[in-house]
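Listed below, chain by chain, are the residues.
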Amino acid sequence: MSHPPSIPTQSTTLGDFELTVFSDGNYYLDGGAFFGVVPKVMWSRRMQADEQNRLSVGMNSLLIRTGKHTVLVETGAGNKLNEKQKQIYGNEEKLLANLAAAKVAPDEIDIVINTHLHFDHCGWNTVWQGEHAVATFPKAKYYVQDGELRHARMQTERDRVSYLAPNYEPLIESGQMHLLHGDSEIVPGISVKVFPGHTRNLQAVMIHSGAHRGCYISDLIPTTHHLDLTWVMAFDLFPLETIASRKRFYERAIPEQWLVVFTHDPKVPWAHVESPAPGKLVASPVR
Ligand SMILES: [Zn+2]
C-alpha cells in the first residue's frame, strides 16, 4: 500500500486569527497500537488497514497568524529518521515543502510549540547541518513542558524509541527551547494546557480570539475516530488519565463549540465535537 494523498493545505479563521493546517505527509502506524484495546472488528469499520495491519495516518501541523505573531504548532516527523525508521514509518517529509508552497518562510515563524517530544511531533524542529542538528526556524522560540523533557531524557525501555534527542537537545543547548511548568500563556490568545494521559505532560494548545475558541488537542484525541472516551491508543502511558482528561476537555469544548484540530487524522484536520445523545460523540464538519 502506498499512502493516499495527505491533507491539503487549508485555512480557516478563528476570530481575528488565521489558522492554516500544513501536513508533513502521512506515515504508517500499526492498527492495533493506534486503537489500543478496541477490537479490530470495531475500528476497521472506521479505518482500513493494509495487509501488514498498518494504517496510513496524517501528521497535521497548525500555523496560527495572530496579526502580531506567527505560531507553528508541531513539526511532524522531519527528515532525520534513519533508513530503518523510514522503512517502518514510510513518512513523507512534506512539511517544509508545504510551507514553502504557501510562501511561509522558516524565519517568519516566531514561535514553535511542541505538545510533547515524540518524534512525530517535533521532527522538523531541527535539520542536520553537517553533523549538527540546528533549528529549522532560526528566529523562533520553541516551547515544551519541562516535565516532558525530563521524561524524554529518562530514555525508559517502554518509550525511548519515541524520543530522538537531535529533535530537542540542540535547542536546549542553544537556549531556543523554553521549558514550561504547567498551564501557561504563550502570547495573547494562545496558551497551553496540560492534559495527562498519552504522556504525563502533554500540552494542548488553546486558541482564543474574541468569542471564538479553538484547541489543538494533539494525541489526547489523535483523530475524529478516537472521540469515544475508551478508544485510547495503546501508546498512551496512562490510559485512565486519558479518559479523565478527555472528560475535562469535552466539558468545555462541546458547549463552547471549540474548533478542535486533530493531529493524526488523515482526512479531517478540524471539526466541532458534538454530543447528540448521552455517551455519543461525533465530529461535525467545519463549514
Ligand atoms: Zn505521541
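Scroll up to find the structure.
Each value, and the rule that gives it
- Residues numbered from 1 in each chain as written.
- Predicted model: local features only at pLDDT ≥ 70, side-chain atom pairs only at ≥ 80, totals over all residues.
- Heavy atoms only, no water.
- Helix = DSSP H or I, 4+ residues; strand = E, 2+ residues; numbered from the N terminus.
- Rg over C-alpha atoms; globule rule 2.2 N^0.38 Å.
- Buried < 20%, exposed > 50% of the residue type's maximum accessible area, 1.4 Å probe, protein only.
- Contact = heavy atoms within 4.5 Å.
- Areas by Shrake-Rupley, 256 points an atom, 1.4 Å probe, with all protein chains shown as cover.
- Donors = N, O, S within 2.8 Å, 3.2 Å for Na, K, Ca; no water.
- Tetrahedral: all angles 85-135°; square planar, octahedral: opposite > 155°, others 65-115°.

Draft legend 1. Summary view of the overall build of the protein. Check the secondary structure of the protein and you find 8 helices and 16 strands. Relative to the compact-globule value of 19 Å for 287 residues, the protein shows a C-alpha radius of gyration of 18 Å, a close match. Projected onto its principal axes, the C-alpha positions of the protein cover 50 × 45 × 35 Å. The buried share of the protein, reckoned over its 287 residues, is 54%. Taking the intrachain contacts of the protein between residues at least 6 apart in sequence as the baseline, contacts between residues at least 24 apart amount to 67%. By element, 53% of the accessible surface of the protein is carried by carbon and sulfur atoms, the whole surface being about 12600 Å².

Draft legend 2. Local environment of the environment of Val21. With respect to the secondary-structure elements, Val21 resides in strand 2 (residues 17-30). In contact with Val21, other than residues within four places in its own chain, are Ile7, Pro8, Thr9, Gln10, Asn60, Ser61, Leu62, Pro269 and Trp270.

Draft legend 3. Seen up close, the coordination of the zinc ion. Coordination of the zinc ion by the protein is provided by His116 (NE2), His118 (ND1), His198 (NE2) and Asp219 (OD), with metal-donor distances spanning 2.2 to 2.3 Å. Geometry at the zinc ion is irregular, judged from the 4 donor atoms that bind it and their angles of 84 to 172 degrees at the metal. Written as a sequence motif, the donor arrangement for the zinc ion is H-x1-H-x79-H-x20-D. Of the two residues, His118 is situated in the loop between strand 5 (111-113) and helix 5 (119-122) and Asp219 in the loop between strand 13 (212-216) and helix 8 (239-253); the sequence distance between them amounts to 101 residues. Residue classification places His118 among the buried residues on the basis of a relative accessible area of 8%. Looking at Asp219, the relative accessible area reads 2%, which means it is buried.

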